[in-house]
Amino acid sequence: MNIIGITGTIGAGKGTIVNYLVHQKDFTHYSVRGFLIEELQKRSLPINRNTMTMIANELRTFHSPSYIVDCLYQKAKENKKNAVIESIRTYGEVLSLREHANFYLLAIDANIEERYRRILKRNSETDHITFEEFKASEEKEMTNTDPNKQNLSKCIAEADFIFNNDKQIEDLYQNIEQVLAKIL
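Residues numbered from 1 in each chain as written. Predicted model: local features only at pLDDT ≥ 70, side-chain atom pairs only at ≥ 80, totals over all residues. Heavy atoms only, no water.

Here the structure, examined in full by the defined rule, presents five aromatic pairs. Look at Tyr116 and Phe134: their rings are 5.4 Å apart centre to centre, the planes differ by 55°, and that puts the pair in the tilted class. A residue pair is termed long-range when its members are at least 10 positions apart, and Tyr116 in helix α6 (residues 112-122) and Phe134 in helix α7 (residues 131-142) qualify at 18 residues. Of the two residues, Tyr116 and Phe134, both sit in the buried class. With 6.4 Å between their ring centres and 25° between their planes, Phe131 and Phe134 make a pair best called stacked. Placement of the pair is Phe131 and Phe134 together in helix α7, with a separation of three residues, close to one helical turn. Members of the aromatic cluster, connected to one another through ring pairs, are Tyr116, Phe131 and Phe134. When the ring centre of Tyr91 is taken as origin, the NZ or CZ atom of Lys154, which lies over that ring, is 4.2 Å away. (Phe/Tyr/Trp six-rings, centres within 6.5 Å; stacked < 30°, edge-to-face > 60°. Helix = DSSP H or I, 4+ residues; strand = E, 2+ residues; numbered from the N terminus. Buried < 20%, exposed > 50% of the residue type's maximum accessible area, 1.4 Å probe, protein only. Lys NZ or Arg CZ within 6 Å of the ring centre and 35° of its normal.)

As structure tokens, this is what we get:
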């Protein structure tokens, strides 16, 4: 069983990598976002980026910086299939997953204007924000020193493989294939 973690900036293409792994390579998907949405629904809270971040930070503070991905890893381990965990956002999550054999971290980034266009097109419940809100949200998540909060810069720096997703989707798929040839 191999576990691939996905980290990266908002709208960079984490979901595109996940879809490729799930549909082309038969990986099972475990989603931090899905985990948090379930938690928000249990608490009857609105589903948006702010409440998701608030609940994620609360769970990490109460349990551990890696709590959410540890729960998802346990599900993947029980399933015994290749798995992808999306989206790794704290350094504590990286450290915890690194303790397991056959874990690889992939990071993805792209031009900020392109990423904003992508989230508008994606149109999920957390994507209804202005460009200024988008930039501010990302800035908060990039370099936080609290181990329970998002630090995308540190996660990306820890990645085994980093993709730039400014080109055609076929280029991304080709890059994924090159990485899979090395790790599987």
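After presenting the structure, the write-up continues.
Before going further, it helps to examine the sheet that holds strand β1 (residues 3-8). Here we have five strands laid out as an open sheet, ordered β2-β3-β1-β4-β5, and parallel in their pairing. Strands with a single pairing partner mark the edges of an open sheet, and in this sheet they are β2 (28-31) and β5 (161-164). In this sheet, adjacent strand axes meet at a mean angle of 25° when their direction is disregarded. Packed onto the sheet, helix α4 (residues 67-79) meets β1, β2 and β3 (83-86) and runs at close to 160° relative to β2. (Pairing = 2+ DSSP bridges. Axes fitted to C-alpha atoms, helices over the stretch in contact; angles between N-to-C directions. Contact = heavy atoms within 4.5 Å.)

Let us look at the environment of Phe163. Here Phe163 shows up in strand β5. When sequence neighbours within four positions are dropped, the list of residues in contact with Phe163 reads Ile17, Leu106, Ala107, Ile108, Asp109, Leu172, Asn175, Ile176 and Val179.

Another aspect to go through is the pattern of salt bridges. The full count for this structure, using the stated rule, is 12 salt bridges. Notably, a salt bridge pairs Lys81 with Asp26, separated by 3.7 Å at the nearest N-O pair. Taken together, the residues span a long stretch of sequence, with Lys81 in the loop between α4 and β3 and Asp26 in the loop between α1 (14-25) and β2 at a distance of 55 residues. Measuring nitrogen to oxygen at the nearest pair gives 2.5 Å for the salt bridge that ties Glu138 to Arg115. Pair noted here: Glu138 is in helix α7 and Arg115 is in helix α6, with a separation of 23 residues, a long-range link. Accessibility assignment for this pair places Glu138 and Arg115 in one class, buried. (Salt bridge = Lys/Arg side-chain N within 4 Å of Asp/Glu carboxyl O.)

In the predicted model, the chain carries a mean pLDDT of 93, and 99% of its residues have values of at least 70. Looking across the chain, the model is least confident in α7, with a mean pLDDT of 89, and most confident in β2, with 98. (pLDDT = per-residue confidence, 0-100.)

In globular proteins that are soluble, nonpolar side chains generally tend to be buried together. Counting residues in each nonpolar core, the largest one holds 27 residues, and the members touching the most others are Ile3, Leu36, Ile68, Leu72, Ile85, Ile88 and Leu97. If you list the elements that add at least two residues to this core, you get α2 (32-42), α3 (49-62), α4, β3, α5 (91-98), β4 (103-109) and α8 (152-157). Excluding residues within four positions of it along the chain, Ile85 makes contact with Ile3, Ile4, Gly5, Ile6, Tyr30, Val69, Leu72, Tyr73 and Leu97. Counting residues in hydrophobic clusters, the runner-up holds 19 residues, among them Leu106, Leu172, Leu180 and Ile183. (Core = buried A, V, L, I, M, F, W, Y, C linked by side-chain atoms within 4.5 Å.)

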